[in-house]
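Tertiary structure, described
Single-letter residue listing:
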Amino acid sequence: RLELAERTGLTPQAVSKITARLRADGLATEAGHRASTGGKPRTVLRLVPEAGHAAGLHLDRDELTVVLCDLAGAVVAERRAPLDLGAGADAVVEGAAAEVEALLGGVSPLGVGVALPGPLDHALGVLHRVTGFPEWDGFALRDALAGRLGLAAPYGGTPALLIQDRFFAGGATTVRGFRQDRLGPLDAHGNPTGGNATAILNLEWRFPIWRWFAGAV
């Protein structure tokens, strides 16, 4: 625990609470003790590989790959399928989600990670300028995939989603007439708190002006 605190920058008390929760959930367990160097022997913790799984999704231009990994990072299942990245975001997300569900076979994953060509805003899960596929520019891939797979869920006994799993609206990638994430509930300090669901309808006409320069109404 002391080593975890040193490596993560968390306090020893916070590490103790987190590791206790992981052990209570069956995700981690004790794996013996290290030799004492003068004080209390340090308890060694290890993850329980079979206690949870996560899926990894790679969307290439003509093929998608889905892998299922245990908590030790070992690949326990894999699935590949042809893909047309130019078929449109909705069609690609639907096909990718179907392949993920087929691989999972009823297993509830801890999460799903996704990668594909082009710059990705990791904080917002939004794509930017995928070469050769301009229709993907500004697409909120993380929210679309999470919504299709229904992965966002409250943690423990709390009724609210974790802040990173909530939905936000407002800004260049959702509703442009509002500041980033400001179209929605705010806390007492004026900070966006997000919500458990969102529905956004936009109608926009884009037209070319000159080469890569375009206009929108």
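Residues numbered from 1 in each chain as written. Predicted model: local features only at pLDDT ≥ 70, side-chain atom pairs only at ≥ 80, totals over all residues. Heavy atoms only, no water.

**With respect to the overall build of the chain**
Within the chain, the secondary structure is distributed over four helices and 10 strands. Taken from N to C terminus, the helices and strands of the chain fall in the order α-α-β-β-β-β-β-α-β-β-β-α-β-β. Here the chain holds 217 residues, and 26% of them are scored as buried. Of the contacts formed within the chain by residues at least 6 apart in sequence, a portion of 39% connects residues at least 24 apart. Working note: accessible area of the chain is about 13900 Å², and carbon and sulfur atoms make up 57% of it. (Helix = DSSP H or I, 4+ residues; strand = E, 2+ residues; numbered from the N terminus. Buried < 20%, exposed > 50% of the residue type's maximum accessible area, 1.4 Å probe, protein only. Contact = heavy atoms within 4.5 Å. Areas by Shrake-Rupley, 256 points an atom, 1.4 Å probe, with all protein chains shown as cover.)

**Points about the pattern of salt bridges**
If you walk through the whole model with that rule in mind, you get seven salt bridges. For arginine 80, the salt bridge is made with glutamate 63, and the minimal N-O distance between the two is 3.5 Å. Taken together, the positions of arginine 80 in strand S5 (residues 75-82) and glutamate 63 in strand S4 (residues 63-70) put the pair 17 residues apart, joining distant regions of the chain. Look at arginine 80 and you get exposed, because its relative accessible area is 52%. A salt bridge links arginine 80 to glutamate 78, with the nearest nitrogen and oxygen atoms 3.0 Å apart. Each of Glu63, Glu78 and Arg80 takes part in salt bridges that share partners, so that together they form one network. (Salt bridge = Lys/Arg side-chain N within 4 Å of Asp/Glu carboxyl O.)

**Let's talk about the side chain of threonine 19**
Assignment of secondary structure puts threonine 19 in helix H2 (residues 12-24). At 3.1 Å, the side chain of threonine 19 and the backbone oxygen of serine 16 are in polar contact. (Polar contact = N/O pair within 3.5 Å; in protein donor to acceptor, adjacent residues only side chain to side chain.)

**What about the packing of helix H3 (residues 89-104) against helix H4 (residues 141-149)?**
Their axes nearest at 10 Å, the elements H3 and H4 cross at an angle of 50°. In terms of axis orientation, H3 runs oblique to H4. For the element pair H3 and H4, the recorded crossing hand is right-handed. Where H3 approaches H4, its residues Val93, Glu94, Ala97, Ala98, Val100 and Glu101 are matched on the opposing element by Leu141, Ala144, Leu145, Arg148 and Leu149. The residue inventory of the contact of H3 with H4, partitioned by class, reads eight nonpolar, no polar and three charged. (Axes fitted to C-alpha atoms, helices over the stretch in contact; angles between N-to-C directions. Parallel < 35°, antiparallel > 145°, perpendicular 65-115°, else oblique. Left-handed = near helix turned anticlockwise from the far one by under 90°. Nonpolar A, V, L, I, M, F, W, Y, C, P; charged D, E, K, R; others polar.)

**Structural notes on the packing of aromatic side chains**
In the structure shown here, the tally under the stated rule is three aromatic pairs. Geometrically, the ring pair formed by tryptophan 205 and phenylalanine 207 is tilted, given 4.8 Å between the ring centres and 40° between the ring planes. On the accessibility criterion, tryptophan 205 (57% relative accessible area) is exposed. On the basis of relative accessible area, phenylalanine 207 is assigned to the partly exposed category, the value being 26%. (Phe/Tyr/Trp six-rings, centres within 6.5 Å; stacked < 30°, edge-to-face > 60°.)

**Here's the deal with a nonpolar patch on the surface**
A cluster of nonpolar side chains, Ile209, Trp210, Trp212 and Phe213, forms an exposed patch at the surface whose accessible area comes to about 520 Å². Structurally, phenylalanine 213 is set in strand S10 (residues 213-216). (Patch = residues over 30% accessible without salt bridge, like charges linked within 9 Å, V, L, I, M, F, W, Y side chains within 5 Å.)

**Description of unusual backbone geometry**
Of note in the backbone geometry, aspartate 181 takes a positive phi value of approximately 65° without being a glycine. Here aspartate 181 shows up in the loop between H4 and strand S9 (206-210). A residue is classified by how much of its surface remains accessible, and aspartate 181, at 19% relative accessible area, is buried.

**Examining H2**
Look at H2: 18 Å from first C-alpha to last across 13 residues, which is about the 18 Å you get at 1.5 Å a residue. Following H2 by one or two positions, glycine 26 has its phi on the positive side, about 80°. (Expected span 1.5 Å × (residues − 1).)

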